[in-house]
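# Breakdown of the fold
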Amino acid sequence: MKRAKPSYLEAPENSVDRLRRPRPTKGTSWDSLLAERQSRVALEEAFEKEEEESPSTSYRSEDDQFDELPAESPATKDEETVKVCLRLRPYSQSHNCNLKIRDSSTLVVKCAGENQPGASSEKHFTFSNVFDDHVSQAEVYDSCIRPTIRLTSGEPGATILTYGTSGSGKTYTLLGNAEQPGIVPRSIEQIYEELRGHVSSEPMLKMEGMQLCPLSDGEMIEEKYKVATIKDMLRSDSHEQISQIIQSQQQFQPLELGDRRVFIWISFVEIYNENVYDLLNLDEACAKRKPLKVLANEGNAYIKGLSTLYASTKEEAYNLLEYGLQSATYGSTDVNCNSSRSHSIFTMNVITHSLAMQQISQSVYKFCDLAGSERQKKTGTMANRLKEAQKINNSLLVLGRCLETVHRNQKPRKVHDLVPVRDSKLTMIIQSALLGKEPMTMIVNVHPTDEFYDENINVLNFSSIAKQIVIRKPSKMPNNGADSTRYSFLPTSAPDLLVRENEALKLEVQQLRDQLEQSKKTLFIQEYQLRNELTDNFKVQFDKMEDSYQQRIESAKQLAILPYKQQLIVLQRKLESKEREIQELEDELEEDENKLKAYEEEINLLRLSKGKRRLSL
């Protein structure tokens, strides 16, 4: 056998020697190995006997038995597995069904090609709930979704996924129709009914990116205008009928929240060909859509530039859902005439503000309608439809790899693998649920016919991995009241001397706190008096400075006016002399005019006398 080349990048493990021969990590004896082998053989015989007595027992391989982690202690109460529910689509009796429901949590799958009597081969899959093809939408919601929406427990929210092959009923489960509303309308009804009277009519608080921001009056008016514009565009009252149907099937009681105010923001996106598009953007209603960028920080993802609209009532929430669905991408295939060609994610961000405690909490509920996994041979996709199917299958493959990596990392290992959440836009957006930071519920839809046998097996294997993932909640420090500290969880059975010393130290700390408060008050009074004195002194100084400046201004004015006064006197004298000269000239002119008149009269008289003489001659 050819030896493997040594790697200078990855060092060999301790349990492997240079010849690649496995060896135990600690010393063992031959007797212990024999005893372990005998115990394993005994367990196998007991397991086979139990299988023969009850054939419906869940199938488990030998490796799974001995690689399984030890049973969890009762201390791990803050751990829970991903909730995975199975729902069968209604099928006609003419089709052969290879799936059988054993009980409310187990599905039995008969292997293909083993239908002869006496040669049966079965696989057993365990789920949180298994629903047959006659179950109602209300029963699915009450069992799977209603317990995850906990508005008063301070939970970070939840992520709900619908997964399955194309045409298996995922969109019907999530959205439903006018007669049978799905998960999203019922969740809207539950949230608004339980928060009745506490949802603010004004959008005063909003999450921008990863930060909470208060809105100004102009911004609030703009947000309300956007929602009103969508309402005018739809002009539909179908939500009233949906609300009445849900209330007739389910009852939601208002919660006691005290003085807390709630703000509900809604966003709606779709992932089409690995591009994220906003379904609630009014600016892109008549223009070409632009893909958005997904950013992440410490396992929390957000979409840059995403439109988040405020819904103060459930009617507005229904309008936003309907408007977003009108912009989603659908197409026709050989399997489904109205197939979703993209992953759509409807998000409800519930922000709770406590006025008394001055605390703000946030719960984000994501409802993901995943596009179905497809095979080109059965769907008959071509051209753009084929490209869409490739992108859909790739994103679902990345989702499966992420779940498998998370499950593998939960086993005791020295080095954990990196969860490839950045390989797909879908896994980037829901990475908080994949990394165990919030509860996740997966509803697996299956079309139980022989035609989709291979696809159903892949879906069931995928869901079985998700079912084994454990969500570990962060540990919380016990709170024993207002005076509790980080050491409050220590045992109280300490010696009396330490108890007395602790009480004395507490009393001393309290006295020092009182002295500090008294000193603060004294310093505040002294500072107030000092500020008043300084203010008075500065005021007197400023008054004196103002008077001196006024005097300087007046003297400067006089000095500036003095040379002009002399010039003015000289000019006035010149003006008077010129006026006298003008007066004299006017008198002379008047005399000359009088002389001229006298001369003219004499001339006229002479002319008259000459004329008379000529007449006489």
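Quick caveat, the model's predicted, so the values are computed rather than measured.

### Remarks on the overall build of the chain
Check the secondary structure of the chain and you find 14 helices and 20 strands. Taking all 617 residues of the chain together, 34% fall into the buried category. Residue pairs in contact within the chain that sit at least 24 positions apart in sequence constitute 71% of those at least 6 positions apart. Summed over all atoms, the accessible surface of the chain reaches about 40200 Å², with 52% contributed by carbon and sulfur.

### So, the sheet that holds strand β4 (residues 106-110)
Read across the sheet, three strands follow the order β3-β4-β5 without closing on themselves; strand pairing throughout is antiparallel. The open sheet has two edge strands with one neighbour each: β3 (99-103) and β5 (122-126). Neighbour to neighbour, the strand axes of the sheet diverge by 30° on average, direction disregarded. Here β3 runs beside β4; their pairing, made up of four bridges, is antiparallel.

### Remarks on unusual backbone geometry
If a residue is not glycine, its phi is most likely negative; likewise, a peptide bond is most likely trans. Backbone geometry places Asn-273, a non-glycine residue, at a positive phi of 55°. As for its position among the elements, Asn-273 is in the loop between β10 (261-272) and β11 (275-278). Under the relative-accessibility criterion, Asn-273 is labelled buried at 17%. Not every positive phi belongs to a glycine, and Glu-274 is a case in point at roughly 60°. Inspection of the secondary structure puts Glu-274 in the loop between β10 and β11. On the basis of relative accessible area, Glu-274 is assigned to the buried category, the value being 17%.

### Notes on the packing of helix α7 (residues 238-249) against helix α8 (residues 314-327)
Relative orientation of the contacting elements α7 and α8 amounts to 115°, with a least axis distance of 10 Å. Between α7 and α8, the angle falls in the class roughly perpendicular. In this structure, α7 meets α8 at a crossing whose hand is right-handed. Residue-level inspection shows Ser-238, His-239, Ile-242, Ser-243, Ile-246 and Gln-247 of α7 in contact with α8, the latter providing Lys-314, Glu-315, Tyr-318, Asn-319 and Glu-322. Here the contact of α7 with α8 is built from residues that sort into three nonpolar, five polar and three charged.

### Digging into the pattern of salt bridges
A complete count under the given rule lists 14 salt bridges for this structure. When the shortest N-O distance is used, the salt bridge between Arg-401 and Asp-423 registers 3.1 Å. One end of the pair, Arg-401, is in helix α10 (residues 384-409); the other, Asp-423, is in the loop between α10 and α11 (425-429), and 22 residues separate them in sequence. For Asp-423, a relative accessible area of 40% translates into the label partly exposed. Between Arg-408 and Asp-417 there is a salt bridge, and its shortest N-O distance comes to 3.0 Å. It is possible to trace a salt-bridge network through shared partners that takes in Glu-189, Glu-193, Arg-196 and Lys-314.

### Remarks on the packing of helix α5 (residues 183-194) against α7
Angle between the axes and distance between the axes are the two parameters that describe a pair of packed helices. Taken N-terminus to C-terminus, the directions of α5 and α7 make an angle of 75°; their axes are 10 Å apart at the nearest point. As judged from the angle between their axes, α5 and α7 are roughly perpendicular. Note on element contacts: α7 touches α5 through Ile-242, Ser-243, Ile-246, Gln-247 and Gln-249, opposite Pro-185, Arg-186, Glu-189 and Glu-193. Residues that form the contact of α5 with α7 fall into these classes: three nonpolar, three polar and three charged.

### So, the nonpolar core
Counting residues in hydrophobic clusters, the biggest one holds 55 residues, and the most contacted among them are Ile-264 and Ile-266. For this core, the element with the highest residue contribution is β10, accounting for six residues. For Ile-264, the residues in contact, after removing those within four places along its chain, are Ile-191, Tyr-192, Leu-195, Val-199, Leu-309, Tyr-310, Ala-311, Met-348, Asn-349 and Val-350. Counting 49 residues, the second largest nonpolar core, distinct from the first, contains Val-398, Met-442, Phe-462 and Ile-469.

### Remarks on a nonpolar patch on the surface
Among the surface-exposed residues, Leu-530, Leu-534, Phe-538, Phe-542, Met-545, Tyr-549 and Ile-553 lie close enough to one another that they form a single nonpolar patch of about 690 Å² accessible area. Position of Leu-530 relative to the elements: it lies in helix α14 (residues 496-616).

### Looking at the confidence of the model for the chain
The predicted model of the chain averages 78 in pLDDT, with 76% of residues at 70 or higher. Contacts for the low-pLDDT stretch residues 7-16, under 50 throughout, to residues beyond four places or in other chains number seven contacts. Scored below 50 in pLDDT, residues 474-494 shows six contacts in the model against residues more than four places distant or in partner chains.

### Regarding the UniProt feature "binding site: ATP" (unreviewed entry) in the chain
Within the UniProt annotation, "binding site: ATP" (unreviewed entry) is assigned to Gly-164, Thr-165, Ser-166, Gly-167, Ser-168, Gly-169, Lys-170 and Thr-171. Relative to the assigned elements, Gly-167 resides in the loop between β7 (157-164) and α4 (170-174). Owing to a relative accessible area of 11%, Gly-167 belongs among the buried residues under this scheme. Summarising the element assignment, Ser-168 is placed in the loop between β7 and α4. By relative accessible area, Ser-168 is classed as buried at 2%. In contact with Ser-168, other than residues within four places in its own chain, are Arg-89, Asn-445, Val-446 and His-447. One polar contact links the side chain of Ser-168 to the main-chain carbonyl oxygen of Thr-165, over a distance of 2.7 Å.

### So, the packing of aromatic side chains
On inspection of all chains with the given rule, the structure shows three aromatic pairs. Centroid distance Phe-538 to Phe-542: 6.1 Å. Interplanar angle 25°. Geometry classified as stacked. Here Phe-538 pairs with Phe-542, and both are found in helix α14, just four residues apart, close to one helical turn. Note that Arg-289 overlies the ring of Tyr-277, its terminal NZ or CZ placed 4.2 Å from the centroid.

### Describing helix α13 (residues 453-467)
Quick reminder: α-helices carry 3.6 residues per turn. Residues three or four places apart thus point the same way. The first and last C-alpha atoms of α13 sit 21 Å apart over 15 residues, in line with the 21 Å expected at 1.5 Å per residue. Restricting attention to buried positions, one finds in α13 the residues Tyr-453, Glu-455, Asn-456, Ile-457, Val-459, Leu-460, Phe-462, Ser-463 and Ala-466.

What counts as what
- Residues numbered from 1 in each chain as written.
- Predicted model: local features only at pLDDT ≥ 70, side-chain atom pairs only at ≥ 80, totals over all residues.
- Heavy atoms only, no water.
- Helix = DSSP H or I, 4+ residues; strand = E, 2+ residues; numbered from the N terminus.
- Buried < 20%, exposed > 50% of the residue type's maximum accessible area, 1.4 Å probe, protein only.
- Contact = heavy atoms within 4.5 Å.
- Areas by Shrake-Rupley, 256 points an atom, 1.4 Å probe, with all protein chains shown as cover.
- Pairing = 2+ DSSP bridges.
- Axes fitted to C-alpha atoms, helices over the stretch in contact; angles between N-to-C directions.
- Parallel < 35°, antiparallel > 145°, perpendicular 65-115°, else oblique.
- Left-handed = near helix turned anticlockwise from the far one by under 90°.
- Nonpolar A, V, L, I, M, F, W, Y, C, P; charged D, E, K, R; others polar.
- Salt bridge = Lys/Arg side-chain N within 4 Å of Asp/Glu carboxyl O.
- Core = buried A, V, L, I, M, F, W, Y, C linked by side-chain atoms within 4.5 Å.
- Patch = residues over 30% accessible without salt bridge, like charges linked within 9 Å, V, L, I, M, F, W, Y side chains within 5 Å.
- pLDDT = per-residue confidence, 0-100.
- UniProt positions renumbered as here; feature names shortened; annotations may be inferred.
- Polar contact = N/O pair within 3.5 Å; in protein donor to acceptor, adjacent residues only side chain to side chain.
- Phe/Tyr/Trp six-rings, centres within 6.5 Å; stacked < 30°, edge-to-face > 60°.
- Lys NZ or Arg CZ within 6 Å of the ring centre and 35° of its normal.
- Expected span 1.5 Å × (residues − 1).

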